[in-house]
Amino acid sequence: MQYSLTAPSRLQGTIKLPASKSISNRALIIYALTGGSVMPDNLSDCDDTEVIVRALQENPYEIDIMAAGTAMRFMTAYLATREGEEHVLTGTERMRHRPIRVLVDALRLLGADIEYVNDEGFPPLRIRGRRLEGGLLEVPGNISSQFISALLLIGPVLRDGLTLRLTGDVISRPYIDLTLWTMREFGADADWEDFETISVAAKPYEARPYLIENDWSAASYWYEMMALSKDEQDEIRLEGLMDGSKQGDSSVRYIFSLLGVKTHFDTTAPGVPTTVTLRHSGRCVPRLEYDFVNSPDLAQTFIVCCAMMGIPFHFRGLSTLKIKETDRIEAMKTEMRKLGFVLHDVDGKELYWDGERCEPSVEQGIDTYEDHRIALSFAPAAFRQPGLCIRQPQVVSKSYPHFWEDLEKVGFRVES
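Rules used in this analysis
- Every chain is numbered on its own, with residues counted from 1 as its sequence reads.
- A pLDDT threshold of at least 70 governs which residues receive local features in this predicted model, and a stricter bar of 80 or more applies before side-chain atom pairs are shown or counted, although totals over entire chains, interfaces and linings include all residues.
- With hydrogens and water stripped out, all remaining heavy atoms of the structure feed into the side-chain values.
- By definition, two strands form a pair when at least two bridges between them are found by DSSP.
- Helix numbering and strand numbering both begin at the N terminus, where a helix is a DSSP run of H or I of at least 4 residues and a strand a DSSP run of E of at least 2.
- Where helices are involved, their axes are fitted lines through C-alpha atoms of the stretch in contact, as for all axes, and angles between N-to-C directions lie from 0 to 180°.
- Residue contacts are defined here by distance: any two heavy atoms, one from each residue, within 4.5 Å place the two residues in contact.
- Between the rings of Phe, Tyr and Trp (Trp by its six-membered ring), a pair exists once the centres lie within 6.5 Å; its type follows the angle of the planes, with under 30 degrees stacked, over 60 edge-to-face, and the other angles tilted.
- Categorising residues by exposure relies on relative accessible area from a 1.4 Å probe, with only protein chains included: less than 20% of the type maximum marks a residue as buried, more than 50% marks it as exposed, and the intermediate range marks it as partly exposed.
- A ring is considered to have a charge above it if a Lys NZ or an Arg CZ atom is located within 6 Å of its centre and within 35 degrees of its normal.
- By the criterion used throughout, a crossover qualifies as right-handed when its path from the first strand across the helix to the second strand runs clockwise, the strands pointing away from the viewer.
- For this document, the term salt bridge refers to a Lys or Arg side-chain nitrogen within 4 Å of an Asp or Glu carboxyl oxygen.
- Among the buried residues, those of types Ala, Val, Leu, Ile, Met, Phe, Trp, Tyr and Cys that are joined through side-chain atoms within 4.5 Å form a nonpolar core.
- Each angle is binned into one of four classes, with values under 35 degrees roughly parallel, values over 145 roughly antiparallel, values of 65 to 115 roughly perpendicular, and all other values oblique.
- Left-handed describes a crossing in which the near helix is turned anticlockwise from the far one by less than a right angle; the clockwise case is right-handed.
- Only Asp, Glu, Lys and Arg are considered charged, only Ala, Val, Leu, Ile, Met, Phe, Trp, Tyr, Cys and Pro nonpolar, and every remaining residue, Gly among them, polar.

### Section: the sheet that holds strand 9 (residues 190-192)
Part 1 of the reasoning: Taken in spatial order, the 4 strands line up as 7-8-10-9 in an open sheet, and their pairing is mixed. Where the open sheet ends on each side, the last strands, each with one partner, are strand 7 (135-140) and strand 9. In this sheet, adjacent strand axes meet at a mean angle of 20 degrees when their direction is disregarded.
Part 2 of the reasoning: Judged from the 3 bridges that link them, strand 9 and strand 10 (residues 197-200) form a sheet pairing that is antiparallel. Across the sheet, residue Asp191 finds its bridge partner in strand 10, namely Ser199.
Part 3 of the reasoning: Against the sheet, helix 6 (residues 173-185) contacts strand 8 (162-167), strand 9 and strand 10, and its axis sits at roughly 150 degrees relative to strand 9.

Written out as structure tokens, the structure reads:
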């Protein structure tokens, strides 16, 4: 399947964004650790969240989390604490080639009983739950923040709590802060002791009603559309976002201000979801350099957007992109070449475009590599490339299931 996209001449409309996948998945693990009495409100309906909901409700022996990386990491830690239970945790072919050794080794040091079913260091995993001791644990700070978050989330139920010391450079720190903030929302005693050490007390979570805010990552694609649209009167309203959000990707509003998009909040009351209005500011930088070490999921959005606007860029902090749903560094180089842009990488950690062009082959369509963020980040390029084709467009269900319907609401023509 593929979709051919034609953008509207004017970008106008109001969009209710999906709930935050990141907060939903964290809140669900905490919900389960409290005994599962009060389900969070406004849960994301994306694939990554639904696989966790299904696993918690059905509790099967074999749990297939499909392509949900967050679910694999979080459920590994959660199942390790389920005293007296045994499970096999598996996923898609790609998931079975995504490394998980660092997390498994850390959990084993805490006393977890986990073994590899097939290849050493990769899912599937056989997990026999038991009461874990906790205590002091050292892990590299430059691993995926999902590994670190998985350990933190189970900290309150460990016999001795958890002291987590992160060695070396710490990447994706906002995602760690989001985990700690969500934990504290449920009564956990968890915080940074210093720049490299996190302490989680052996204090159980408290079951409570909880409303999940909407997703700043999903908002990023609407910011991209606004940057690429050309009518100065264009205006998009995004519902359910929060000023002062702990979501790391809320930084998108500041970065896009450099690309000519201004943000207005209907209210700035703390902790209250509101509507955000996007408009053109008329001001744009001639070149963009940015370190995405704290928000790597935004990188693809800005790669496509800057190139389509003719703005040279150099983006750093991209090392984790190689172990996502696909090797996003190579995928972006390949797919941007179809649009006529020659990107270069530096040691798989940086990407830059200095204006070099090539003969486009856009008629081939954009391949999505089973990666939702490729489909989501390339779709707005239809404002500059009418008739742009996205192959396997259904991959957006991983994080933004209603994306194509939302495009049609604002006047996109989406044709199979």
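### A word on the packing of aromatic side chains
Part 1 of the reasoning: One pass over the full model with this rule turns up 16 aromatic pairs.
Part 2 of the reasoning: Consider the rings of Trp216 and Tyr223, whose centres lie 6.5 Å apart with planes at 35 degrees: the pair is tilted. Grouping residues by exposure puts Trp216 and Tyr223 together as buried.
Part 3 of the reasoning: Both rings, one in Phe341 and one in Trp353, keep their centres 5.3 Å apart while their planes meet at 80 degrees; by these two values the pair is edge-to-face. Of this pair, Phe341 sits in the loop between helix 10 (328-338) and strand 16 (344-346) while Trp353 sits in strand 17 (residues 350-353), and the two are 12 residues apart along the sequence.
Part 4 of the reasoning: According to the relative accessible area criterion, Trp353 is buried, its value standing at 4%.
Part 5 of the reasoning: Linked through ring pairs, Trp216, Tyr223, Phe256, Phe265, Tyr290, Phe292, Phe302, Phe313, Phe315, Phe341 and Trp353 together constitute an aromatic cluster.
Part 6 of the reasoning: The ring of Phe195 is capped by Arg173, whose NZ or CZ atom sits 4.0 Å from the centre of that ring.
Part 7 of the reasoning: Here the guanidinium or amino end of Arg357 rests over the ring plane of Phe341, the centre of that ring lying 4.0 Å away.

### Examining the pairing of strand 14 (residues 288-291)
Part 1 of the reasoning: The sheet contact formed by strand 14 and strand 15 (residues 313-316) spans 4 bridges and is parallel. Note that in strand 15 the partner of Leu288 across the bridge is Phe313.
Part 2 of the reasoning: Remark: the strand 14/helix 9 (residues 299-309)/strand 15 crossover connection has right-handed handedness.

### Some details on the sheet that holds strand 11 (residues 235-241)
Part 1 of the reasoning: Taking strand neighbours across the sheet as the criterion, the 4 strands line up as 2-11-13-12 in an open arrangement whose pairing is mixed. Each having just a single partner strand, strand 2 (12-16) and strand 12 (261-265) make up the two edges of the open sheet. Pairwise comparison of adjacent strand axes, ignoring direction, gives a mean angle of 20 degrees for this sheet.
Part 2 of the reasoning: Pairing of strand 11 with strand 13 (residues 274-280), which is carried by 6 bridges, proceeds in the antiparallel orientation. Within strand 13, the position partnered with Glu235 by the bridge is Arg279.
Part 3 of the reasoning: Where helix 7 (residues 216-228) meets the sheet, it contacts strand 2, strand 11, strand 12 and strand 13, and its direction lies at approximately 175 degrees from that of strand 11.

### Brief notes about the pattern of salt bridges
Part 1 of the reasoning: Summed over all chains, the structure comprises 31 salt bridges.
Part 2 of the reasoning: The salt bridge partner of Asp113 is Arg130, with a shortest N-O separation of 3.7 Å. Of the two residues, Asp113 is situated in strand 5 (residues 113-116) and Arg130 in the loop between strand 6 (125-128) and strand 7; the sequence distance between them amounts to 17 residues.
Part 3 of the reasoning: On the accessibility criterion, Asp113 (21% relative accessible area) is partly exposed.
Part 4 of the reasoning: Look at Arg130 and you get partly exposed, because its relative accessible area is 38%.
Part 5 of the reasoning: Between Arg237 and Asp266 there is a salt bridge, with the nearest N and O atoms lying 3.3 Å from each other. Of this pair, Arg237 sits in strand 11 while Asp266 sits in the loop between strand 12 and strand 13, placing them 29 residues apart in sequence.

### Let's talk about the nonpolar core
Part 1 of the reasoning: Trp222, Phe302, Met336, Phe403 and Trp404 are the most contacted members of the largest nonpolar core, which totals 72 residues.
Part 2 of the reasoning: The dominant element in this core, judged by the number of residues it contributes, is helix 7, at 10 residues.
Part 3 of the reasoning: If sequence neighbours within four positions are ignored, Phe302 has contacts with Val252, Ile255, Phe256, Leu259, Leu288, Phe292 and Phe315.
Part 4 of the reasoning: If you look at the next biggest cluster of nonpolar residues, it comprises 66 residues, including Ala68, Tyr78, Ile100 and Tyr205.

### Side note on helix 9
Part 1 of the reasoning: For helix 9, the tally of buried residues reaches 10 of 11 residues, placing the bulk of the element in the interior.
Part 2 of the reasoning: Buried within helix 9 are the following residues: Ala299, Gln300, Thr301, Phe302, Ile303, Val304, Cys305, Cys306, Ala307 and Met308.
Part 3 of the reasoning: Positive phi appears at Gly310, one or two residues downstream of helix 9, with a value of about 75 degrees.

### Section: the side chain of Thr49
Part 1 of the reasoning: Among the secondary structure elements, Thr49 is positioned in helix 2 (residues 47-58).
Part 2 of the reasoning: Since its relative accessible area comes to 0%, Thr49 is described here as buried.
Part 3 of the reasoning: Once residues lying within four places of it in the same chain are set aside, the contact partners of Thr49 are Lys21, Ser24, Asn25, Leu28 and Ser44.

### Here we look at the packing of helix 5 (residues 145-154) against helix 6
Part 1 of the reasoning: The contact between helix 5 and helix 6 brings their axes to 9 Å, and the two run at 20 degrees. Judged by the inter-axis angle, helix 5 sits roughly parallel to helix 6. At the point where helix 5 passes helix 6, the crossing takes the right-handed sense. Mapping the contact onto sequence places Ser145, Ile148, Ser149, Leu152 and Leu153 in helix 5 and Tyr175, Ile176, Thr179, Leu180 and Met183 in helix 6.
Part 2 of the reasoning: Along the lines of polarity and charge, the residues of the contact of helix 5 with helix 6 split into 7 nonpolar, 3 polar and no charged.

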